[in-house]
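Summary of the model geometry
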Amino acid sequence: MLTTTKRAQKKRSEMTFEKCVRCGSCMKICPIFDAMGEEQYSPRGKLYLLQVMDKVESDPELAKEFRRLLFQCAMCGRCTDVCSSDVDLLRIWHEQRARAIKDAPQEFAYLGALEKSLENVKNIYGLSPEDRAVYWLDELEQEIPNLRKRVFPEAKTADVVVFLGCLMSFRASQVDVLRALFKSLEILKVDYLVLGAEEFCCGHPLDLMGDEAGAKKLRTHNKRVIKQTGAKQLITCCPGCLSQLQNNYNFTGIEVLHHTQFFDRLLQSIEPYKQTEEFTYHDPCELHRICNVKTEPRSLLKKMGVQFRELELSCCGGGGLLRMTDPNLSDKIQQLRAAREKLSSTTVITACPACREQLLGNNLKTKDIIELLVTCLSEAKG
Amino acid sequence: MNIRDIVIGANASIYYRMDFRKIKGVFYPRTDEQVQEAVAWARERGYDVTPKGGGSGLSGACTGGDRDRVMISSLQMKEVLSVSKDQGYVDVQPGATPDEINVLLAPLKMKFYVTPSSRDVATVGGMLNTDGGGNDAWVNGTMRDNTLRAKIVLYDGRLITVEQKSVKSSDSQLESDLNSVGMTINDVASSHGTLGFVTELRLSIRPIVQERLIGGLAEYRDSDELGSTLRRMIETKSPVKYGEAIVAAHPDVRGELRPPELILEFPEDYASNLENITHFRKLTAEELAKLKDVRLKLPKRNPKKGLQLALFEDYGFYGDGLKMIQEGVAGIDLLLKKHGFVPFAKYGHAPSKWYLGNNAAAYGIILHSREIRPEGITKAEVFKAVMELVDLCEEAGITPKPEHKWPYNDKVKNDRIQQIREVIGEGFNTFVLQSDCNVVLSSMV
Ligand SMILES: Cc1cc2nc3c(=O)[nH]c(=O)nc-3n(C[C@H](O)[C@H](O)[C@H](O)COP(=O)(O)OP(=O)(O)OC[C@H]3O[C@@H](n4cnc5c(N)ncnc54)[C@H](O)[C@@H]3O)c2cc1C
Ligand code: SF4
Ligand code: SF4
């Protein structure tokens, strides 16, 4: 019914989607279902469609509709987390997405542009690779005088490599986080370098589209450059990059860390944060569920003495390419959360550039943990 | 056919592979008026109406069988409309789940006490229509005990409010007719969507009692010893607040479980009385929480190899039946093995309470069962096994909980529903009452 390649499709993920007992536990926790309210948007609904595929007549319109549904998913992993029946939903979504793009590339032309941009200029914005260390460097060079010398290949080796990722390299909205990150590293006298134009996209967007070959090319390049630096640690502020670097790069002799892990390990105690505003903490899905980094962000906040309200472990709506595939739905998810969890009266602390974009885009105040940390470190330094 | 119509078939029972062409429309109303409009749409075209909640029911009743039908989902009717702490009730739309209701009640230190294991997805509308209960149904009752009234849209579009002892309607003739047949909330309980669409419920809520509870684990030589313990607990009106029996568990999911065993939570000062009834080991809070979690997930776990399914959800042992759990389970397992199934897990709320088709309360254990599906088995063979299990239960005096499934198998309940439908009209979930209901379901295995 839904595609012409039923048999192949079944073979690939049968043992996992057939395990679904349709109990419905993954339904109400799914941000897409929460926003849309109908079964077809729920993880159970989508798995059910796979289970009964053979009962439904071949129909190109149905197939098209199903493919669209596959990309109405924030890939937040909450469904996988809640499922007690060993259904690896995230894996299924990955496989099915790859299949969908292969079956009907014309329906994903907008993703084709992204794929091309990654192939040609190695970033998601289609900008020149040389610009990767231009915007933020112009902005921050005066405040952090040695910063240019920290950029590869001018800096050749260092103990720590900072992997910025596309969002942080190109978006003006991320400069405050970068400032805080570099200043913290300087204050703590960390020997670090930034990859600059030699950093390619980590491959995460291609992974989300199921383009394994494209993602592999990007990985191979990044891995080679990172090896050259002789670094022992690789840190990133982006949980999407982290998930790739940790799970798909197979580094040996290099420890891959989220910046909250790096600073939490480095600092036993921290000068208290002078808090004047109400804070909430939002766990980035990819950090919390996919990379399993749960304690370090909280530990850092505790060391700084920051008081905050925990938010529901729900998605900001910005993951899984949803901002591209259905921006209205992506915004709706955030707006529903903002109303339900009364976010407009607080500053949402988080630790992910994509969540930051999503929060700012919906007119909410947000700070990365590193922005709080840098004020504590500067205070201590006097 | 469109995806919206197909996907409405998703449900937790083994009956999920239906003829999707017979689904003529799917509605997700938000208000009573929208429910009435959806019902009118179906009525004008001569279609049956099947209400659906969370689709967690295990009887297959929320599928609507094989009728040309319109599906009405309550998933967008999930508002808590009002709370009266003083009078102890909450008015809710039918699509709210116990978890959703209790999140809102928590700041008021109040609770809705019917919390089945499926409380994250089961809707109160669905729970009333299956008379669901939690592992504390023994002390807190089932859905019918906790529903003060239910508003229902009938097939002809009229509204009735069914209370615990009577019915109200703005149509005085209808009100009088229904009261003369003595319709009450007992009739709606476990009616499986055959009477109408429940659009609002008034549910009892009570304060959250700050009682010091402790956990205990009792292990038994065999299931009859467990059954005797349950009998004594029932006779002495034991105040256990949480009781779960694990009667059997396959090595793939057994972990630290040592069935047959009973996981209990009870007031601390009851411990010495309980010792007179059964030996047990006290559990730390962490141990209890861990065991509760294991039990909660048991219905959903899969074996390392192959897939599990629930052939026949409820084996009810009560009264003298509690003396023969061992024999009953052995008979069931023999039959399962004969058909190539591997027994996977048997567990259930115990001591528990449920109602029989004649509205009499039964006290005992409702045993849920999961088995590993043999590879390559046909749906006809699966259904044959189900039907043999039904026969075996009838012969052995094991009573399937009629509220939960097989309403068509309980003659008393079936006749009563037919009697009421003679007054209110037919058109809601008719397949459940058809004589060939089994055949219909078997086609959907
Ligand atoms: C993992 C798991 C654990 C479970 N644990 C328990 C347990 O502990 N205790 C227990 O009692 N049950 C349990 N169940 C069974 C199930 O959750 C209950 O039967 C529940 O009451 C069904 O509610 P639902 O909203 O999912 O209803 P559905 O499955 O959608 O429907 C059930 C019936 O109610 C009717 N219905 C639904 N909504 C309405 C409405 N608004 N108006 C009229 N009719 C309606 C349907 O037509 C159908 O006949 C469990 C199920 C699963 C999968
Ligand atoms: S929680 Fe797991 S078994 Fe339950 S419906 Fe979702 S995927 Fe299926
Ligand atoms: S990954 Fe997140 S958005 Fe996607 S189906 Fe699962 S819970 Fe829903």
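First things first, this report covers the structure right here in the doc. (Residues numbered from 1 in each chain as written. Chains lettered and ligands numbered in written order. Predicted model: local features only at pLDDT ≥ 70, side-chain atom pairs only at ≥ 80, totals over all residues. Heavy atoms only, no water.)

Turning our attention to the packing of aromatic side chains. As enumerated under the stated definition, the model contains 21 aromatic pairs over all chains in all. Aromatic pair Y281(A) and F308(A): ring centres 6.1 Å apart, planes at 75 degrees, arrangement edge-to-face. Taken as a pair, Y281(A) in strand β5 (residues 279-281) and F308(A) in strand β6 (residues 308-310) lie far apart in primary sequence, 27 residues in all. Residue Y281(A) is classed as buried on the basis of its relative accessible area of 0%. An aromatic cluster is present here, built from Y48(A), Y16(B) and F20(B) joined pairwise through their rings. In this structure, R202(B) is placed above the aromatic ring of Y89(B), and the distance from its NZ or CZ to the ring centre is 3.7 Å. Residue placement shows K292(B) over the ring face of Y242(B); its charged tip is 4.7 Å from the ring centre. (Phe/Tyr/Trp six-rings, centres within 6.5 Å; stacked < 30°, edge-to-face > 60°. Helix = DSSP H or I, 4+ residues; strand = E, 2+ residues; numbered from the N terminus. Buried < 20%, exposed > 50% of the residue type's maximum accessible area, 1.4 Å probe, protein only. Lys NZ or Arg CZ within 6 Å of the ring centre and 35° of its normal.)

Residue and element names in this part refer to chain A. Applying the stated criterion across every chain yields a total of 53 salt bridges over all chains. R309 is the partner of E278 in a salt bridge, and the nearest nitrogen-oxygen pair spans 4.0 Å. Separated by 31 residues along the polypeptide, E278 in the loop between α14 (259-266) and β5 and R309 in strand β6 bring together distant segments of the chain. By relative accessible area, which is 31% here, R309 ends up partly exposed. (Salt bridge = Lys/Arg side-chain N within 4 Å of Asp/Glu carboxyl O.)

With 35 residues of chain A at the interface, the matching set in chain B holds 38 residues. Roughly 3,200 Å² of surface becomes buried between chain A and chain B when both sides are summed, with 55% attributable to carbon and sulfur atoms. On inspection of chain A and its partner chain B, the count reaches four salt bridges. With a closest N to O distance of 2.9 Å, K52(B) and E39(A) form a salt bridge. Counting across the chain A and chain B interface gives 18 residue pairs in polar contact (both at pLDDT 80 or more). Put simply, the parts of the chain that give the side of chain A that touches chain B at least two residues each are α2 (31-36), α3 (43-52) and α4 (60-70) of chain A. Sorting elements by how many residues they give to the side of chain A that touches chain B places α3(A) first, with six residues. When grouped by side-chain class, the residues that make up the side of chain A that touches chain B number 13 nonpolar, eight polar and 14 charged. (Contact = heavy atoms within 4.5 Å. Buried area = accessible area lost by both parts, 1.4 Å probe. Polar contact = N/O pair within 3.5 Å; in protein donor to acceptor, adjacent residues only side chain to side chain. Nonpolar A, V, L, I, M, F, W, Y, C, P; charged D, E, K, R; others polar.)

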